[in-house]
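# Descriptive structure summary
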Amino acid sequence: MTFVVIAVFWCIFLYSFVAPIHRIVYLIMCSICFGTFSTIPTSVTGFVFLPAPLFALALVMRVALAPNAPQFIITSVLVPRRMLLLFLFLVVAYITTLFMPRLFAGGIDVVTFRGRVDTTVPLRPTPQNLSQLFYVTISVFSVVAFAFILRKPVMRQHALKAVWWGGVFTVATGVLDYLNSFLPLDPLLAPFRTASYALATDVALLGGKRVVGLTSEASAFGNICIAFALTLYFFRRAIDDQRLRDVWAPILIVMLVGMVWLSKSTGAYVILCIAFALAGLDWLLRAARGRKRSRVTTGIGTEFWLAFGGVMSVLLVLLTNPAVFEPIYALFERLVLNKAESTSFEERGMWRLTAWTAFLDSSLFGVGVGSTRASSAVVSTFASTGLIGALFYYGFLLQTALRKAPPGSVDGPIIVVGFRWWIIPGLFVGLFVGTVDFGIFNAFVLGLVTAVGTTRMAQPLRAEGITPRSRLPASRPS
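As the structure is a prediction and not an experimental result, all values here were calculated from the model.

Our focus in this paragraph is the pattern of salt bridges. A complete count under the given rule lists 4 salt bridges for this structure. Close ionic contact of Asp411 with Arg156 constitutes a salt bridge, the shortest N to O distance being 2.8 Å. Taken together, the residues Asp411 in the loop between α16 (377-401) and α17 (412-429) and Arg156 in helix α8 (residues 153-179) connect sequence positions 255 residues apart. Look at Arg156 and you get buried, because its relative accessible area is 5%. With a shortest N-O distance of 2.8 Å, Arg193 and Asp177 are connected by a salt bridge. Placement of the pair is Arg193 in the loop between α9 (186-189) and β3 (204-205) and Asp177 in helix α8, with a sequence separation of 16 residues.

Structure (structure tokens):
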């Protein structure tokens, strides 16, 4: 059965080279939740090749062969106001990865990606240096590819709709994993769990299963759900399809939050609380602009009464039957308040401390991508690419957050402002999870905002054949 699934994937992969290019965006978004599916048996290559990076690679190759793409790519990586900082980050990543593990070999202690994770070993070059560098390269060039194809509003509408479908697939995999506790679904899920790294798919906590979907662990699944939920919430007002924007997107957001709850991930819970606070602040700022009727202020009253009704319902239940919330409090106490007492907390803390020490021992030059575990995107970026590489990467994030939409753009202002809200939880979660590879989903968001912020003149939606209630055209974009 596993080989049948792999064969189906490669048929779809080959199709992506001849399909309209916007369909690759759908394939990328829908495949992000398949975090344990190795598209090539690990016994053959020794590495895990996930679907999303391969579809992103197909997109990069399609863009490289498109008319005017070489000129766009060259100017993008050489012009400071575009993506020069991101390209310099990649250059530094290559330099540190190719030279630093050999220069500092045996002199710096690290926690490797393969092997024992509870002890340190001397730094040395490993195959993980090349595999992780491969993923970082795909992520960087995916930003360029997304920025190229998402310059036109019609493609941005496809992309936002693809995010919705990606959220649907994520919820579906979570539901299947949850039902696996009651139904014999292992034969259906097993072909998608072929990665060689450790899988924590059958972990129970306080009498209930931690839902992981088709990812390796609950925290990974929770973070994917939050990524889709945050993107839909802060960017959904840029969706032109009214029913998708006002009905189906909010429903999916609620379902994604439900999946986060079932994942029982401490980090996901904390980020969810931050997201709720940011959503409330965003609502207050939008309400302050209520006199200016626009898509940004539409639905403020409905959102208020829904939130008010939800809070009042919880308070009513709390007053009439407080015992209902005792399991919830017990779960919160176990996962958040007492998290520091857990073995995983101590282990991940050791990884971060070791990686940061390696960064300092390398004279701030870094030890190379894939050299050490960190369980923190921030620490991993500094430890892997050094101070210079980290400054380039986070400088690009700051530059992206400061971008402005072109005059006359309908969806542009919503996207650039939405990104400023979206990036805050992402930076916070990067303190506790992640690697130097920022991933395909982040590459998509960065490419989307870069496409909007570097376009000189807006193109109206109607000029692209899109009206408020029309369907997205299926023709290949030029």
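Let us keep going from here.
With that settled, the discussion passes to the state of the cysteines. Here a disulfide denotes a covalent bond joining the sulfur atom of one cysteine to the sulfur atom of another. Enumeration according to the criterion identifies 0 disulfides in this entry. Cysteine Cys33 shares no disulfide, and the gap to the nearest cysteine sulfur, in Cys30, comes to 7.6 Å. On the accessibility criterion, Cys33 (1% relative accessible area) is buried.

Moving on, we come to the side chain of Thr96. Relative to the assigned elements, Thr96 resides in helix α6 (residues 84-103). On the accessibility criterion, Thr96 (4% relative accessible area) is buried. At 3.2 Å, the side chain of Thr96 and the backbone oxygen of Ser384 are in polar contact. Filtering out sequence-adjacent residues up to four positions away, Thr96 remains in contact with Pro101, Phe365, Val367, Gly368, Ser384 and Thr385.

Let us look at the environment of Trp164. By the element assignment, Trp164 lies in helix α8. Classification of Trp164 as buried rests on a relative accessible area of 14%. Sequence separation between Trp164 and Cys30 is 134 residues, and the spatial gap between their C-alpha atoms is 9.0 Å.

On the surface, a nonpolar cluster with roughly 550 Å² of combined accessible area is contributed by Val91, Tyr94, Ile95, Leu98, Phe99 and Leu130. Per element, the largest residue contribution to the nonpolar patch is 5 residues, and it comes from α6. With respect to the helices and strands, Leu130 occurs in helix α7 (residues 127-149). Classification of Leu130 as exposed rests on a relative accessible area of 57%.

Glancing now at the side chain of Ser31. Checked against the element boundaries, Ser31 lands in helix α2 (residues 22-31). Ignoring anything within four residues of it in the chain, the contact list for Ser31 reads Pro51, Ala52 and Phe55.

On to the packing of aromatic side chains, then. Tallied over the entire structure, the rule returns 28 aromatic pairs. Judged by centre distance (5.1 Å) and plane angle (90°), the rings of Tyr233 and Phe234 are edge-to-face. Among the residues examined, Tyr233 registers a relative accessible area of 18% and is labelled buried. Overall, the relative accessible area of 4% leaves Phe234 in the buried class. Measuring from centroid to centroid gives 5.0 Å for Tyr393 and Tyr394, while their planes differ by 75°, and the two rings are edge-to-face. Taking relative accessible area as the criterion, Tyr394 reaches 22% and is therefore assigned partly exposed. Taken together through their ring pairs, the aromatic side chains of Phe9, Trp10, Phe13, Phe17, Phe34, Phe37, Phe55 and Phe192 make up a single cluster. Sitting above the plane of the Phe72 ring, Arg151 keeps its charged end 5.1 Å from the centroid. Between Arg373 and the ring centre of Trp351, over which it is positioned, the NZ or CZ distance is 5.1 Å.

Cut-off values and rules
Residues numbered from 1 in each chain as written. Predicted model: local features only at pLDDT ≥ 70, side-chain atom pairs only at ≥ 80, totals over all residues. Heavy atoms only, no water. Salt bridge = Lys/Arg side-chain N within 4 Å of Asp/Glu carboxyl O. Helix = DSSP H or I, 4+ residues; strand = E, 2+ residues; numbered from the N terminus. Buried < 20%, exposed > 50% of the residue type's maximum accessible area, 1.4 Å probe, protein only. Disulfide = S-S within 2.5 Å. Polar contact = N/O pair within 3.5 Å; in protein donor to acceptor, adjacent residues only side chain to side chain. Contact = heavy atoms within 4.5 Å. Patch = residues over 30% accessible without salt bridge, like charges linked within 9 Å, V, L, I, M, F, W, Y side chains within 5 Å. Areas by Shrake-Rupley, 256 points an atom, 1.4 Å probe, with all protein chains shown as cover. Phe/Tyr/Trp six-rings, centres within 6.5 Å; stacked < 30°, edge-to-face > 60°. Lys NZ or Arg CZ within 6 Å of the ring centre and 35° of its normal.

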